[in-house]
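Listed here are the chains, written in short residue letters.
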Amino acid sequence: MCKSLITAARTIVLAAIVALIAASCHTIDDDRIPVTPVNIVFNTVADWNIYGVTGAMDYRLFIRDQRKPANFPYTAMTYTGFGGVLLVSDVMGNPQAYDLSCPVEARKDVRVEIDDEMLAHCPKCGSTYNVFSLQGHPVGGKAAEMGYGLRHYHVGPGRDASAYMVVSY
């Protein structure tokens, strides 16, 4: 009897561990947008001050084929991802970058926009993403149901360490 009780207890504990592991495996899929080159270089601090994000909750859109921002010094080596790049300064003032394409729609021409609540909002499917404090994770709509987040890009020091560059990993 003692042996069967121990076996039953082991089975219950094993089942509880498996259930706990399965419940904790909820992940965000931020790879729905195709891997596309990103290379936006701010050659000087002055370039960053004009075209970059300079304070918490600031944002900029970079879409090369639409020349956004209009006076940005695009070169032959500048690439702005699949649907464009959303450059933001998070709530702590740190620069972050995301692809503008909605991962639910996965089309170049369906881009998220920052709404009045400071969420990235897809005008087609209605999904919303928090780019200022949750690293592009979905917070509403189909994207939240399906676990689709915005593709994240790397923002780091530029070549001379005095300005920034945005690149794909």
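None of these values were measured; they are calculated from a predicted model.

Asks: I'd like a description of the environment of valine 167, backed by residues and values.
Replies: Checked against the element boundaries, valine 167 lands in strand E11 (residues 164–167). For the pair valine 167 and asparagine 39, spaced 128 residues apart in sequence, the C-alpha separation works out to 4.7 Å. Apart from residues lying up to four places away in sequence, valine 167 is in contact with Val38, Asn39, Tyr153 and His154.

Asks: Before we move on, could you go through the sheet that holds strand E10 (residues 152–157) and cite the residues and values that matter?
Replies: What the seven strands build is an open sheet, ordered E2-E4-E5-E10-E11-E1-E3; its pairing is antiparallel. This sheet does not close on itself; its edge strands, each paired only once, are strand E2 (59–62) and strand E3 (79–80). Here strand E1 (residues 38–41) runs beside E11; their pairing, made up of three bridges, is antiparallel. Note on E11: the bridge partner recorded for isoleucine 40 is valine 166.

Asks: Residue-level account of a nonpolar patch on the surface, with values.
Replies: Together, Met57, Val91 and Met92 make up a nonpolar patch on the protein surface, roughly 300 Å² of accessible area in all. Within the secondary structure layout, methionine 57 lies in the loop between helix H2 (45–51) and E2.

Each value, and the rule that gives it
Residues numbered from 1 in each chain as written. Predicted model: local features only at pLDDT ≥ 70, side-chain atom pairs only at ≥ 80, totals over all residues. Heavy atoms only, no water. Helix = DSSP H or I, 4+ residues; strand = E, 2+ residues; numbered from the N terminus. Contact = heavy atoms within 4.5 Å. Pairing = 2+ DSSP bridges. Patch = residues over 30% accessible without salt bridge, like charges linked within 9 Å, V, L, I, M, F, W, Y side chains within 5 Å. Areas by Shrake-Rupley, 256 points an atom, 1.4 Å probe, with all protein chains shown as cover. Salt bridge = Lys/Arg side-chain N within 4 Å of Asp/Glu carboxyl O.

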